[in-house]
Amino acid sequence: MGILDTILGRSKQVRPNLEQLFALPSAAITLQAGAGFTPTGVGSVCFAGVEGGAFAQLERDVRQLLDADTERGGIPVEFQQDTYGYTWLVARQPADDTASLVNDVHAVNTLLEEAGFGPHLLCSLVTFHDAETGRRPLGLVYLYKRGSFYPFAPLPEAGEKRDSQLELQVRGLLADDLRIEQDLSRWFPVWGAPGL
């Protein structure tokens, strides 16, 4: 970044660092000890589709890519589309195996990036729930284009409302485990995300 960028207030875009996903198992332990949230065993990768025939071709290409990797013992995922038109590739592992889930999410991101779908990648999500009741959902969202994480806590059965207090508590709790997104305006809600 040059002096002109500094004067004009421009900042250099953070490059995605998918290796940061490997900090999630440690963060899961901190989250369980500090807030009582346990993993659900569901992780997902969200990407923006394109319209019409181009989207259908993109989905066929992604399916073919992941099916080829599955044949090599790789990543079984399912496709889901939310009401906002985003596509989610969902991976599932036993709830107590966060490391394997993170490996799957990392592999899906890497495969898509290497196949040229990087510009379509939006975020990755690993879900948790309140261990005591099992009803309060929480997601740790990795913003692909920002290289940072943020918590997302929708309020169950309250429509599209979120538990901002819990999100801020989790931010403080995980500050030493994850690179937390500092710009709160980038803490986008992921309504209807798998596992939440």
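Right above here is the structure, for reference.
Fair warning: this is a prediction, and the values are worked out from it, not measured in the lab. (Residues numbered from 1 in each chain as written. Predicted model: local features only at pLDDT ≥ 70, side-chain atom pairs only at ≥ 80, totals over all residues. Heavy atoms only, no water.)

A. Spotlight on the environment of Asp183. By the secondary structure assignment, Asp183 is in the segment after helix 5 (164–173). For Asp183, a relative accessible area of 31% puts it in the partly exposed group. Residues Asp183 and Tyr150, 33 residues apart in the sequence, show an inter-C-alpha distance of 9.7 Å. Within the local environment of Asp183, its side chain forms a polar contact with the side chain of Ser185, the two groups lying 2.6 Å apart. (Helix = DSSP H or I, 4+ residues; strand = E, 2+ residues; numbered from the N terminus. Buried < 20%, exposed > 50% of the residue type's maximum accessible area, 1.4 Å probe, protein only. Polar contact = N/O pair within 3.5 Å; in protein donor to acceptor, adjacent residues only side chain to side chain.)

B. Quick peek at the sheet that holds strand 4 (residues 121–130). Pairing in this open sheet of six strands is antiparallel, and the strands run 2-3-1-4-5-6 from one edge to the other. Looking at which strands have only one partner, the edges of the open sheet turn out to be strand 2 (78–81) and strand 6 (148–152). On average, each strand axis in the sheet is inclined to that of its neighbour by 25 degrees, with strand direction left out of account. In the sheet, strand 1 (residues 37–48) pairs with strand 3 (residues 86–92) via seven bridges, with the strands oriented antiparallel. Residue pairing in the sheet places Ala48 in a bridge with Tyr86 of strand 3. The sheet contacts of helix 4 (residues 98–117) involve strand 1, strand 3 and strand 4, and relative to strand 1 the element is tilted by about 5 degrees. (Pairing = 2+ DSSP bridges. Axes fitted to C-alpha atoms, helices over the stretch in contact; angles between N-to-C directions. Contact = heavy atoms within 4.5 Å.)

C. Quick peek at the packing of helix 2 (residues 24–35) against helix 4. The N-to-C vectors of helix 2 and helix 4 enclose an angle of 140 degrees; their axes lie 9 Å apart at closest approach. Looking at the two axes, helix 2 sits oblique to helix 4. Regarding helix 2 and helix 4, the two cross each other, and that crossing is right-handed. Contacts between helix 2 and helix 4 involve Leu24, Pro25 and Ala28 from the first element and Thr98, Ala99 and Val102 from the second. (Parallel < 35°, antiparallel > 145°, perpendicular 65-115°, else oblique. Left-handed = near helix turned anticlockwise from the far one by under 90°.)

D. Spatial organisation of the pattern of salt bridges. For the coordinates displayed, the defined rule picks out five salt bridges. A salt bridge links Arg92 to Glu78, with the shortest nitrogen-to-oxygen separation between them at 3.4 Å. Taken together, the residues span a long stretch of sequence, with Arg92 in strand 3 and Glu78 in strand 2 at a distance of 14 residues. We note a salt bridge from Asp183 to Arg186, for which the minimum N-O separation is 3.7 Å. (Salt bridge = Lys/Arg side-chain N within 4 Å of Asp/Glu carboxyl O.)

E. View of helix 2. The end-to-end C-alpha separation of helix 2 is 15 Å, in line with the 16 Å expected for 12 residues at 1.5 Å each. Where helix 2 is concerned, the buried positions are Leu24, Ala27, Ala28 and Leu31. For helix 2, the arc enclosing every buried residue in end-on projection is 105 degrees, short of the 170-degree limit, so these residues lie on one face. With respect to the buried face of helix 2, the exposed residues turned more than 90 degrees away are Ile29 and Ala33. At its buried positions, helix 2 is contacted by strand 1, helix 4, strand 4, strand 5 (137–143), strand 6 and helix 5. One or two positions beyond helix 2, positive phi appears at Gly36, with a value near 75 degrees. (Expected span 1.5 Å × (residues − 1). Arc of directions from axis to C-beta.)

F. Molecular detail of the pairing of strand 5. The element strand 5 is extensively covered by neighbouring structure, given that seven of its seven residues are classed as buried. Note: strand 4 against strand 5, seven bridges, orientation antiparallel. Looking at strand 5, one finds that Leu125 is bridged to Val141. Across five bridges, the pairing between strand 5 and strand 6 is antiparallel. Considered in strand 6, the bridge of Gly139 is made with Phe152. Between strand 5 and strand 6, which pair antiparallel one after the other, the connecting turn spans four residues, and Gly147 there sits at a positive phi close to 70 degrees.

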